[in-house]
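Spelled out, the chains give:
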Amino acid sequence: MTNPDVAKLSYEQAREELQDVVRRLETGAATLEESMELWERGEALATRCQEWLDGARERLAAAQQGRAAGTDGQEEV
């Protein structure tokens, strides 16, 4: 398989490829070796998606804390 490095994928790219991997596995047409490669790729893609979601959650929490503390980046007039 020639696939881009998972760490370089955006959330949307990783999610789309993961959906494709799942579809391909569900057809049952792949050989055992191909299925194992697809499974491993799917695991890596799922991990990448989770990393993006965790990062987004952390950024939202930080923004909410900043707003609650009155440091949301807006200048007072």
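Since we're looking at a predicted model, the values are computed, not measured. (Residues numbered from 1 in each chain as written. Predicted model: local features only at pLDDT ≥ 70, side-chain atom pairs only at ≥ 80, totals over all residues. Heavy atoms only, no water.)

Taken together, the side chains of Glu 33, Glu 34, Glu 37 and Glu 40 define an acidic patch exposed on the protein surface. Position of Glu 33 relative to the elements: it lies in helix α2 (residues 32-68). (Patch = residues over 30% accessible without salt bridge, like charges linked within 9 Å, V, L, I, M, F, W, Y side chains within 5 Å. Areas by Shrake-Rupley, 256 points an atom, 1.4 Å probe, with all protein chains shown as cover. Salt bridge = Lys/Arg side-chain N within 4 Å of Asp/Glu carboxyl O. Lys, Arg positive; Asp, Glu negative; His and termini not counted. Charge placed at Lys NZ, Arg CZ, Asp CG, Glu CD. Helix = DSSP H or I, 4+ residues; strand = E, 2+ residues; numbered from the N terminus.)

Our next topic: the side chain of Arg 48. With respect to the secondary-structure elements, Arg 48 resides in helix α2. Those residues in contact with Arg 48 that lie beyond four places of it in its chain are Val 6, Ala 7, Leu 9 and Ala 14. (Contact = heavy atoms within 4.5 Å.)

Tallied over the entire structure, the rule returns three salt bridges. Here Glu 17 makes a salt bridge to Arg 41, at a shortest N to O gap of 2.8 Å. Placement of Glu 17 in helix α1 (residues 11-27) and of Arg 41 in helix α2 is noted, with a sequence separation of 24 residues between them. Note on accessibility: Glu 17 and Arg 41 belong to one class, buried. Of the charged contacts in the structure, one is a salt bridge between Asp 54 and Arg 57, with a shortest N-O distance of 3.0 Å. On the criterion of helical spacing, the pair formed by Asp 54 and Arg 57 is a turn pair, its members being three residues apart in helix α2. Residue classification places Asp 54 among the partly exposed positions, given a relative accessible area of 30%. The class of Arg 57 is exposed, set by a relative accessible area of 52%. (Buried < 20%, exposed > 50% of the residue type's maximum accessible area, 1.4 Å probe, protein only.)

What follows deals with the nonpolar core. Val 6, Leu 9, Ala 14, Val 21, Leu 38, Leu 45 and Cys 49 together form the largest nonpolar core, which totals seven residues. Listing elements by their share of this core, those giving two or more residues are α1 and α2. Considering every element that reaches this core, the biggest residue donor is α2, with three residues. (Core = buried A, V, L, I, M, F, W, Y, C linked by side-chain atoms within 4.5 Å.)

Here we take up α2. Here α2 spans 53 Å end to end across 37 residues, near enough to the 54 Å set by a 1.5 Å rise per residue. Every buried residue of α2 is accounted for by Leu 38, Arg 41, Gly 42, Leu 45, Arg 48, Cys 49 and Gly 66. Where α2 ends, the next residue or the one after it, Gly 70, has phi of about 80°, a positive value. (Expected span 1.5 Å × (residues − 1).)

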